[in-house]
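Geometric and topological summary
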2 protein chains.
Amino acid sequence: MKEKVKFGLIGFGARGSDLLRDVLLPMAKDEGVELCGVCDLYEDRAAAAADKIEEATGVRPLCTTDYKEVIDKTDADAIIIMCAWEYHIPIAIDAMKAGKYVGMEVGGAYSIDDCWRLVNTSEETGMPCMILENCCYGNRELMVLSMVKRGLFGEISACEGGYCHDLRHEVSYGEENRHYRLRNYTHRNCDNYPTHELGPICKVLNINNGNRMLSLTSTASCAKGLHPYIVENRGADDKLANVEFCQGDVIKTVIRCYNGELITLTLDTTLPRAYSRRFTVRGTKASYWEDTDALFVDGKDNEKEWRPHEMWGTAAQYEKENAHPLWQNYEAHGGHGGMDYLVFSAFLEAVRAGTQTPIDVYDAASWMAITALSEQSIALGSAPQYIPDFTRGKWMNRTDMPDLRFRLDKLPE
Amino acid sequence: MKEKVKFGLIGFGARGSDLLRDVLLPMAKDEGVELCGVCDLYEDRAAAAADKIEEATGVRPLCTTDYKEVIDKTDADAIIIMCAWEYHIPIAIDAMKAGKYVGMEVGGAYSIDDCWRLVNTSEETGMPCMILENCCYGNRELMVLSMVKRGLFGEISACEGGYCHDLRHEVSYGEENRHYRLRNYTHRNCDNYPTHELGPICKVLNINNGNRMLSLTSTASCAKGLHPYIVENRGADDKLANVEFCQGDVIKTVIRCYNGELITLTLDTTLPRAYSRRFTVRGTKASYWEDTDALFVDGKDNEKEWRPHEMWGTAAQYEKENAHPLWQNYEAHGGHGGMDYLVFSAFLEAVRAGTQTPIDVYDAASWMAITALSEQSIALGSAPQYIPDFTRGKWMNRTDMPDLRFRLDKLPE
């Protein structure tokens, strides 16, 4: 067990800056983490991050606009990748080749080949690569996972999830705030961000661990949401007012698994709405729906069949008895309702112990591949696409993967 | 205008019996309708219906097990078809050929050819054929339709709907109660019942009336729900306990329209849950979700972005100002919360006036075709299927179809 763990940090847009403040600096203060290098393509962002680290820890990290310097010129044990989507996999590959653990923020892949290169590099170098999918550590997601693992849902037939988040502001202010989403919305049409909902679903369905995703279709709606928003909020003369957006307002992706389970994903980011990940798990004995926070148990709730609103909010009744061990005495802190701290802690624990990460390179490849396959399916008129088996058959025997574990002895009080 | 309108009635399973009691006998009593003939394949059912009509009206209708007798041996103005799904189209065709209006209960088609024959017969004979989709007349469906038509939702990008109804009892008791669903669940795998949700969505999207459905994919989950239910409720020795069901627990169908709108349909009938049609309309200015009965208005509700539960039930606030004219002074009666009465009244009005019906043969064909195309897509591994243009191009010019109208002067007090 390493007492000191050194992280090199890449990417200080909104996500990187928030994580530095909410999770990484606290870990540097309390948990023996050293932040030994920072990088951003924009010098001002890198410098600001280095300043904050120096201020908090007294030690100035290596500060650069070339991510390879963080990998090669520091003695980081792990590289944390928090930059624009298209650089996640190339940086992860370079880091693993240099013998570093990789902790990679979420995003979709641009090609299936990239996903294979990620897997191949991890297998060749022996270095773990964890996609830092915080939503796998969400309170409700873990409560339902616990209940499913204990058999309370029976057999699972179908799951749903979504990234339903009104990003009209974020996308349309992309140029000013140097946000990578803008170029994706003007050049691509796909489920560009599937892992927040897919990650927790894959853990429920034991994907890559006795089950696997086999094929998908994906279909896009028209792109009507951004234009009126831009005209109304930025004026008809704004340079985005006449841009034709490529990205459909709503993307539906339907995945079929080896065991027959259906997964339906929704990307829904350019129409007015409240936030939802639409987490839904449908079993033969019970079901959960995030949108109504309803937990329906067969034999108990059937009398409410025609009064569905009486099911709204019923999941709260199950919190006390069924909270996942990670959440039982956990007072959420550290960003996104506590999920960020949990996922980073799980990563830190693996780096410290030199073990495999609880979300591994096969998870990363198969979850990120959905974006590339969604783009292919839409381009081909919703033609079904085969989902590669990135484990090369290992999924058939791997039924012993670690649960989404975490140092239970170190939970904050 | 006919003072007296004569209906011949075919099919007295659960649906036919309920309609007789809740809608048809009241219409015979109060609205100048004569019920001149009844038919069911089962003699006991036909006789029971004839008894009830004789008791209520003093006149015994022709009573037969051969539907052709109701068509040929009575002077019915219209034939109401309420029997098993597979007989809807053949009976409708025979009725139109005999110069009768057709009012056809809902269900899906078994082949695209059947849908074409339905359209061709209506065109050749000049007889209207209305699919009696009661959910087009639902309170929330009509409120949202009204708001969409007044522009309050902006442009529509996506709609969703479902037939989400735990039918495990109905399917597994199919043999005893002679229910047609059982044979469908053991022999087919498709969205077997799409029109309850699709009808209202098509009215919102002006399908066949300036817009049309172009293509779909459909994907089925495994069929895990019925077996444990049967073993638990009927015993392991029951003859259905070892039946392998064909029909997946959850079917997702994703439709793309000419104008780019996305329609997502869910059939969800063999897992525990409360009822929902999942009616969802997503516009650039507002959205509605049935499952939370939430109506989100851009510029008004955005501050609730991270408190989605505060949106639950908000649609009720819009009822008073935005109720569809049909519902403004309507005290619901006559089955399914008032929808049954409204749809039958609309049909009766058209027959009485000798006009086209507000839901026409092109609606019937295109909505029912989704079942056949869903079956095809699932059989072909979710391959996209082309949705025929049953209007033969008329949809491009037909932007003047009657709204879902009804005698406003005859609303009950």
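Residues numbered from 1 in each chain as written. Chains lettered and ligands numbered in written order. Predicted model: local features only at pLDDT ≥ 70, side-chain atom pairs only at ≥ 80, totals over all residues. Heavy atoms only, no water.

**Notes on the overall build of chain A**
A count of helical and extended segments in chain A gives 14 helices and 14 strands. A compact globule built from 413 residues would reach a C-alpha radius of gyration of about 22 Å, and chain A, at 21 Å, matches this within 12%. Every one of the 413 residues in chain A was classed for burial, and the buried ones make up 64%. Restricting to contacts in chain A with at least 6 residues of sequence separation, those with at least 24 account for 76%. Accessible surface computed for chain A: about 15000 Å², of which carbon and sulfur atoms make up 48%. Treating the 45 positive side-chain charges of chain A as one cloud and the 62 negative ones as another, the clouds have centres 2 Å apart. (Helix = DSSP H or I, 4+ residues; strand = E, 2+ residues; numbered from the N terminus. Rg over C-alpha atoms; globule rule 2.2 N^0.38 Å. Buried < 20%, exposed > 50% of the residue type's maximum accessible area, 1.4 Å probe, protein only. Contact = heavy atoms within 4.5 Å. Areas by Shrake-Rupley, 256 points an atom, 1.4 Å probe, with all protein chains shown as cover. Lys, Arg positive; Asp, Glu negative; His and termini not counted. Charge placed at Lys NZ, Arg CZ, Asp CG, Glu CD.)

**A short note on the interface of chain B and chain A**
Contact residues are listed per partner, giving 56 residues for chain B and 56 residues for chain A. Summed over both sides, the interface between chain B and chain A buries roughly 4500 Å², with carbon and sulfur atoms accounting for 59% of that surface. The largest contributions to the chain B side of the interface with chain A come from Lys224, Pro272 and Trp312 of chain B, which together make up 13% of the buried area. Seen at the junction of chain B and chain A, the total is 12 salt bridges. Note that Arg282 of chain A and Asp268 of chain B form a salt bridge whose closest N and O atoms lie 2.4 Å from each other. Our enumeration of links across chain B and chain A arrives at 24 residue pairs in polar contact (both at pLDDT 80 or more). (Buried area = accessible area lost by both parts, 1.4 Å probe. Salt bridge = Lys/Arg side-chain N within 4 Å of Asp/Glu carboxyl O. Polar contact = N/O pair within 3.5 Å; in protein donor to acceptor, adjacent residues only side chain to side chain.)

**Things to note about the layout of surface pockets**
For the second largest pocket, the calculated volume is near 420 Å³. If you trace the second largest pocket, you find 20 residues lining it, with Arg168 and Tyr229 of chain A together with Asp298, Gly299 and Asn302 of chain B closest to the centre. For the lining of the second largest pocket, the secondary-structure elements that each account for two or more residues are helix H7 (168–172) and helix H10 (226–234) of chain A. The residue makeup of the lining of the second largest pocket, split by class, is five nonpolar, seven polar and eight charged. (1 Å grid on protein atoms, 1.4 Å probe; cavity = no way out; pocket = protein on both sides within 12 Å on 5 of 7 lines; lining within 4 Å. Points joined across faces, edges and corners; volume = space filled by probe spheres on them. Nonpolar A, V, L, I, M, F, W, Y, C, P; charged D, E, K, R; others polar.)

**Comments concerning the relation of the copies chain B and chain A**
Mapping chain B onto chain A leaves a residual RMSD of 0.0 Å; the transformation is a rotation of 180° accompanied by 0.0 Å of translation along its axis. What the superposition gives is, in effect, a two-fold axis relating one chain to the other. By residue overlap, the copies meet face to face through one surface: 100% of the interface positions of chain B are interface positions in chain A. (Least-squares fit on C-alpha atoms with pLDDT ≥ 70 in both.)

**Observations regarding the packing of aromatic side chains**
The relative placement of two aromatic rings is captured by the distance of their centres and the angle of their planes. Applying the stated rule across the entire model yields 25 aromatic pairs over all chains. Pairing Tyr101 of chain A with Phe347 of chain A gives two aromatic rings, centres 6.4 Å apart and planes at 75°, and the pair type is edge-to-face. Of the two residues, Tyr101 of chain A is situated in strand E5 (residues 101–104) and Phe347 of chain A in helix H13 (residues 339–353); the sequence distance between them amounts to 246 residues. Tyr101 of chain A sits in the buried class, given a relative accessible area of 8%. The exposure class of Phe347 of chain A is buried, given its relative accessible area of 0%. Measuring from ring centre to ring centre gives 6.2 Å for Tyr330 of chain B and Tyr341 of chain B, while their planes differ by 20°; the resulting arrangement is stacked. (Phe/Tyr/Trp six-rings, centres within 6.5 Å; stacked < 30°, edge-to-face > 60°.)

**Overview of the domain arrangement of chain A**
Many descriptions give the size of an interface as the accessible area lost when the pieces come together. All names here are of chain A. The domain architecture assigned to chain A consists of domain 1 (5–134) and domain 2 (135–324 + 360–396). Of the roughly 2700 Å² buried between domain 1 and domain 2 on both sides combined, carbon and sulfur atoms contribute 62%. On the domain 1 side of the contact with domain 2, Trp85, Ile112 and Glu133 bury the most area, a combined 25% of that side's loss. In this structure, the connection of domain 1 to domain 2 is made through four salt bridges. (Domains from an automatic or database assignment.)

**Brief notes about empty space enclosed by the protein**
One pass over the full model with this rule turns up eight cavities of 30 Å³ or more. Taken together, Ala158, Glu160, Thr280, Arg282 and Trp289 of chain A together with Val250, Thr266, Asp268, Arg273 and Arg278 of chain B make up the lining of the largest cavity. If you list the elements that add at least two residues to the lining of the largest cavity, you get strand E7 (156–164) and strand E11 (280–283) of chain A together with strand E10 (262–268) of chain B. For the lining of the largest cavity, the residue count by class is three nonpolar, two polar and five charged.

**Topic: the side chain of Lys100 of chain B**
All names here are of chain B. Tracing the backbone shows Lys100 in the loop between helix H4 (88–97) and strand E5 (101–104). We note that Lys100 is buried and unpaired, the nearest opposite charge coming from Asp75 at a distance of 6.7 Å. At 2.8 Å, the side chain of Lys100 and the backbone oxygen of Ala76 are in polar contact. In contact with Lys100, other than residues within four places in its own chain, are Ile71, Thr74, Asp75, Ala76, Asp77, Ala78, Ile79, Ala95, Met127 and Pro128.

**Structural notes on the pairing of strand E8 (residues 213–220) of chain A**
Residues in a regular strand project their side chains so that they alternate between the two faces of the sheet. Residues and elements named next belong to chain A. Along E8, six of the eight residues are buried, which leaves the element largely enclosed by surrounding structure. With seven bridges joining them, E8 and strand E9 (residues 250–257) adopt antiparallel strand pairing. Counted as the bridge partner of Ala220 is Ile251 from E9. With two bridges connecting them, E8 and strand E14 (residues 385–386) associate as antiparallel partners. In the sheet register, Ser215 faces E14, and the bridge partner there is Tyr386. (Pairing = 2+ DSSP bridges.)

**Considerations on helix H5 (residues 112–125) of chain B**
Residue and element names in this part refer to chain B. The end-to-end C-alpha distance of H5, which contains 14 residues, comes to 20 Å, matching closely the 20 Å that a straight helix rising 1.5 Å per residue would cover. Among all positions in H5, only Ile112, Asp114, Cys115, Leu118, Val119, Thr121 and Ser122 are buried. Buried-residue contacts for H5 involve H4, E5, strand E6 (129–131) and helix H14 (361–379). Remark: Gly126 follows H5 within two positions and exhibits a positive phi of approximately 75°. (Expected span 1.5 Å × (residues − 1).)

**A few points about helix H2 (residues 43–57) of chain B**
Residues and elements named next belong to chain B. With 15 residues, H2 should reach 21 Å at 1.5 Å per residue; the first-to-last C-alpha distance of 21 Å fits that figure. Of all the residues in H2, the buried ones are Arg45, Ala46, Ala49, Ala50 and Ile53. In an axial view of H2, the angular spread of the buried residues amounts to 135°, which keeps them on one side of the axis. Exposed residues pointing more than 90 degrees away from the buried face of H2 are listed as Glu43 and Glu55. Considering only its buried residues, H2 is in contact with strand E1 (5–10), helix H1 (14–30), strand E2 (33–39) and strand E3 (62–64). Phi turns positive, to about 85°, at Gly58, one or two residues after H2. (Arc of directions from axis to C-beta.)

**A closer look at the sheet that holds strand E11 (residues 280–283) of chain B**
All names here are of chain B. Strand order in the open sheet formed by eight strands is E13-E12-E11-E7-E10-E9-E8-E14, and the pairing between neighbours is mixed. Of all the strands in the sheet, the pair left with one neighbour each is strand E13 (294–297) and strand E14 (385–386). Helix-sheet contacts for H14 involve strand E8 (213–220), strand E9 (250–257), E10 and E14, and the interaxial angle to E8 is about 50°. (Axes fitted to C-alpha atoms, helices over the stretch in contact; angles between N-to-C directions.)

**Quick notes on the packing of helix H9 (residues 195–204) of chain B against H14 of chain B**
Relative orientation and spacing of two packed helices are given, respectively, by the angle between their axes and the distance between those axes. Residues and elements named next belong to chain B. Here H9 crosses H14 at 130°, and the two axes come no closer than 10 Å. Here H9 is positioned oblique relative to H14, judged by the angle of their axes. In this structure, H9 meets H14 at a crossing whose hand is right-handed. Contacts from Thr195, Leu198, Gly199, Cys202 and Lys203 in H9 reach Asp363, Trp367 and Ile370 in H14. Tallied by class, residues from the contact of H9 with H14 come to four nonpolar, two polar and two charged. (Parallel < 35°, antiparallel > 145°, perpendicular 65-115°, else oblique. Left-handed = near helix turned anticlockwise from the far one by under 90°.)

**Observations concerning the side chain of Glu105 of chain B**
Residues and elements named next belong to chain B. Tracing the backbone shows Glu105 in the loop between E5 and H5. For Glu105, the side chain forms a polar contact with the side chain of Arg15, separated by 3.2 Å. If near-sequence neighbours (up to four positions away) are discounted, Glu105 is found in contact with Arg15, Leu19, Ile81, Met82, His88, Ile131, Leu132 and Phe344.

**Brief notes about unusual backbone geometry**
Most peptide bonds are trans, and most residues other than glycine sit at a negative phi. Residue and element names in this part refer to chain B. We note that Asn208 has phi near 70°; this positive angle belongs to a residue other than glycine. Looking at the element boundaries, Asn208 is found in the loop between H9 and E8. Given the relative accessible area of 5%, Asn208 is considered buried. Of note, the phi angle at Arg278 is positive, near 55°, even though the residue is not glycine. Residue placement: Arg278 occurs in the loop between E10 and E11. On the accessibility criterion, Arg278 (10% relative accessible area) is buried.

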